[in-house]
Amino acid sequence: MKKKVASIIIIIICFSLLPLFACNGEIKNPGTFVIACPFDIGSLDPAYAYDVESAGQILNIYDTLIEFDGNSTSKFVPSLATEWTISEDGKTYRFKIRDGVTFHNGNPLTPEDVEYSSERGMVQDYVLGPQWMFFEPLFGLGTYTSRTEDGLVPLEEITSKVEVDGQWVQFNLATPYEPFLQILASSWGSVVDKDWCIQNGDWNGTEESYEALNDPAPGGSPIHSIANGSGPFQLELWEPGVQITLTRNDDYWGEPASFERVVTQIVDEWGTRKLMLQLGDADCVLVPFEQIQETKEMPGILVYENEPALLNQALFFQFDIDPTSTLIGTGQLDGNGIPTDFFTDIDVRKGFAYAFDWEAYIEDAMTGYGEQISSPMVNGIPYYRPDWPSYELDLAQAEAHLRAAWDGLLWENGFEITLVHASGDITGKIACEILQNNLFEINPLFKINIQLMGWPTILSEMTIGRLPMYSNGWTADYADPHNFVFPYMHSQGTFAQAQRYSNEAVDDLIEQAISSNNHTERQALYDQLAELYYEEVPSIMIDQVLGVYLFRDWINGFVYNPMRPVYAMYAYYLSKG
């Protein structure tokens, strides 16, 4: 659940708000890139880490087989693989491994290291980690883990999925899976040194080791706090809660990094980060959302804005509310509550959708840094279309649907319900207030209460089914429609399952779309899913976040890619001066 977001998070990169020069007129610390942010990393193990802060450091230390090409999320350039092929049926991927690459400890990179890296990840399979993204394509739809009711997936099945053939490594997929390359290009596709891992107590290839290391305790990976990659930087120090320091790998196989050092300092308090920036002690700090406009107006700042982030937010209906919920009043449609199946009536859902004001939300909650989208699929991923059908504020339509709901009983008696947003989520609060005000305007018998909850409580109550309606959102694991329609619309998806929303036709379309290696067919299937989302209204899609990136105008090399959401991911590509 680390990747699920309850509030709008805009990642801001802000380089030097003032002309920061040392006394001799030179740019301060020209060979060092200093980041100050409030978030520490979760782990340095690529197979275990499932948060963007960790990914930012890992992608500096380790290499993947391929990398995203510039700002594209669907085109790739070689990295540890110099070339690759995909079979006509879309189920066999082959990568030729680059010669002459060494890890930071001097060990040479071999195809066996690539094979080991993928197999080790599936063997470890931390329950809150990213390995489900490999199990689904390699083992087939519906398989997301190494653990089954009968025990662990046999080791020979795991090792049969990745094979070495001379200088080539082959992945044997169970089904065509177009986003597989995107998965390999992300931090969880990093290649580790097999011998070094084993020397540090990691999986040694045996069944016994598999059983001992599967699903480690939090922080229990043997390489949780150490690192040995082949990337442009190498780990010097991770002092949890204080800083992470990387030094340039002067033996890097590619073009050497501009910076000699990259230092990420963990600084919770905005005032301290701001002072570091003003004194020139930091080149890059995370700027709070409410400080964006002031920062934009400062001199010497190069602004990149309205960059589509692969992040959306929605209001979710609970189709089968747990009767123990304290948020549904009397539990009856008597004006003082709602029944547990309140939102199974499509007129209720459509009435709520027509009562939402997107223009007000984007202006008031997002200060303009959001745009309305019509389905879970966001701008910036393949197959997205801006002309899919969408709702708009129409109180007359809302009234018509709400008069028809529950055979007119809803309109006659009214209702009372409590909507939930996460503590500290101002945007979620505003979304709830918009519905509260507009529904009351339609009929004063429609009473909306609003309650905030801590994020862990929301996750628990959402899963149990005790939240009748709530705000939440999703950010991409990989840039493909499947990573959005599955959680929102498939009966086994994160949100749909929690909502008790199920439609066999929708499930079939989602499974057909991810299993197809025909672009035209996939487009047609996602068009159908967008139409069904509009017709069925399983949730109200609020908006897609538009990112804002602010640079001091002496910083060079920034090319935005939505799969690189944090500033540490750009350290290799940037320079000063």
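None of the values given here were measured: they were computed from a predicted structure. (Residues numbered from 1 in each chain as written. Predicted model: local features only at pLDDT ≥ 70, side-chain atom pairs only at ≥ 80, totals over all residues. Heavy atoms only, no water.)

Engineer: Help me out: how do you make sense of the nonpolar core in this one?
Structural biologist: Grouped burial of nonpolar side chains is what soluble globular proteins tend to show. Among the nonpolar cores identified, the biggest contains 165 residues, and Phe95, Phe171, Phe352, Tyr361 and Phe415 are the most heavily contacted of them. Leave out the neighbours within four places in its chain, and Phe95 touches Leu65, Ile66, Ala81, Glu83, Trp84, Gln167, Trp168, Val169, Phe171, Leu181 and Leu184. Residues Val34, Ala36, Trp270 and Leu277 belong to the second largest nonpolar core, which totals nine residues. (Core = buried A, V, L, I, M, F, W, Y, C linked by side-chain atoms within 4.5 Å. Buried < 20%, exposed > 50% of the residue type's maximum accessible area, 1.4 Å probe, protein only. Contact = heavy atoms within 4.5 Å.)

Engineer: Help me out: how do you make sense of the side chain of Ser491 in this one?
Structural biologist: Structurally, Ser491 is set in the loop between α16 (482-489) and α17 (494-499). Using a relative accessible area of 14% as the deciding quantity, one classes Ser491 as buried. A polar contact is formed between the side chain of Ser491 and the side chain of Asp507, at a distance of 2.6 Å. Those residues in contact with Ser491 that lie beyond four places of it in its chain are Ala496, Gln497, Tyr501, Ser502 and Asp507. (Helix = DSSP H or I, 4+ residues; strand = E, 2+ residues; numbered from the N terminus. Polar contact = N/O pair within 3.5 Å; in protein donor to acceptor, adjacent residues only side chain to side chain.)

Engineer: Could you clarify how one ought to interpret helix α3 (residues 132-139) in this entry?
Structural biologist: For an α-helix, 3.6 residues make a turn, and residues three or four places apart therefore share a direction. The buried count for α3 comes to seven of eight residues, which makes it a mostly enclosed element. Those residues of α3 lying buried are Met133, Phe134, Phe135, Glu136, Pro137, Leu138 and Phe139. Its buried side turned inward, α3 meets α2 (111-124), α4 (155-159), β11 (168-172), α5 (180-184) and α16. One or two positions beyond α3, positive phi appears at Gly140, with a value near 110°.

Engineer: For this particular structure, what's the right way to read the environment of Val420?
Structural biologist: Assignment of secondary structure puts Val420 in strand β18 (residues 415-422). Measuring from C-alpha to C-alpha, the distance between Val420 and Asn449 comes to 8.6 Å, with 29 residues separating the pair along the chain. Residues within four places of Val420 in sequence aside, it is in contact with Leu327, Cys432, Gln451, Met453, Ile458, Leu467, Met469, Tyr470 and Ser471.

Engineer: Teacher, can you tell me more about unusual backbone geometry here?
Structural biologist: When glycine is set aside, most residues are seen to have a negative phi, and most peptide bonds are trans. One non-glycine residue with positive phi stands out, namely Tyr383, at about 75°. Relative to the helices and strands, Tyr383 is located in the loop between β17 (370-371) and α12 (395-404). Tyr383 gets classed as buried once you look at its relative accessible area, which sits at 9%. Non-glycine residue Trp406 carries a positive phi angle of around 50°.

Engineer: When you look at the sheet that holds β11 in this model, what are you seeing that I'm missing?
Structural biologist: Sheets are built from strands that pair by backbone hydrogen bonding, the pairs being arranged parallel or antiparallel. One open sheet accounts for four strands, arranged β6-β7-β11-β10; its pairing is antiparallel. Each of the sheet's edge strands pairs with one partner strand only, and the pair in question is β6 (81-86) and β10 (162-165). Neighbour-to-neighbour, the strand axes of the sheet open up by a mean angle of 20°, direction not taken into account. Across four bridges, the pairing between β10 and β11 is antiparallel. Each residue of the ladder has a partner; that of Val164, found in β11, is Val169. Taken strand by strand, α2 contacts β7 (92-97), β10 and β11, and its axis lies near 175° from that of β10. (Pairing = 2+ DSSP bridges. Axes fitted to C-alpha atoms, helices over the stretch in contact; angles between N-to-C directions.)

Engineer: I tried to follow the pattern of salt bridges on my own but got confused; where do I start?
Structural biologist: Pairing is possible between side chains of opposite charge, provided their charged atoms come close. In total, this model carries 16 salt bridges according to the counting rule given. Between Asp125 and Arg147 there is a salt bridge, and its shortest N-O distance comes to 3.4 Å. Residue Asp125 is found in the loop between α2 and α3, and its partner Arg147 is found in strand β8 (residues 147-148); the two are separated by 22 residues along the sequence. Residue Asp125 is classed as buried on the basis of its relative accessible area, which comes to 3%. The class for Arg147 is partly exposed, based on a relative accessible area of 26%. The salt bridge partner of Arg403 is Glu399, with a shortest N-O separation of 2.9 Å. You can see Arg403 and its partner Glu399 sitting in helix α12, four residues apart, about one turn around the helix. The exposure class of Arg403 is partly exposed, given its relative accessible area of 42%. (Salt bridge = Lys/Arg side-chain N within 4 Å of Asp/Glu carboxyl O.)

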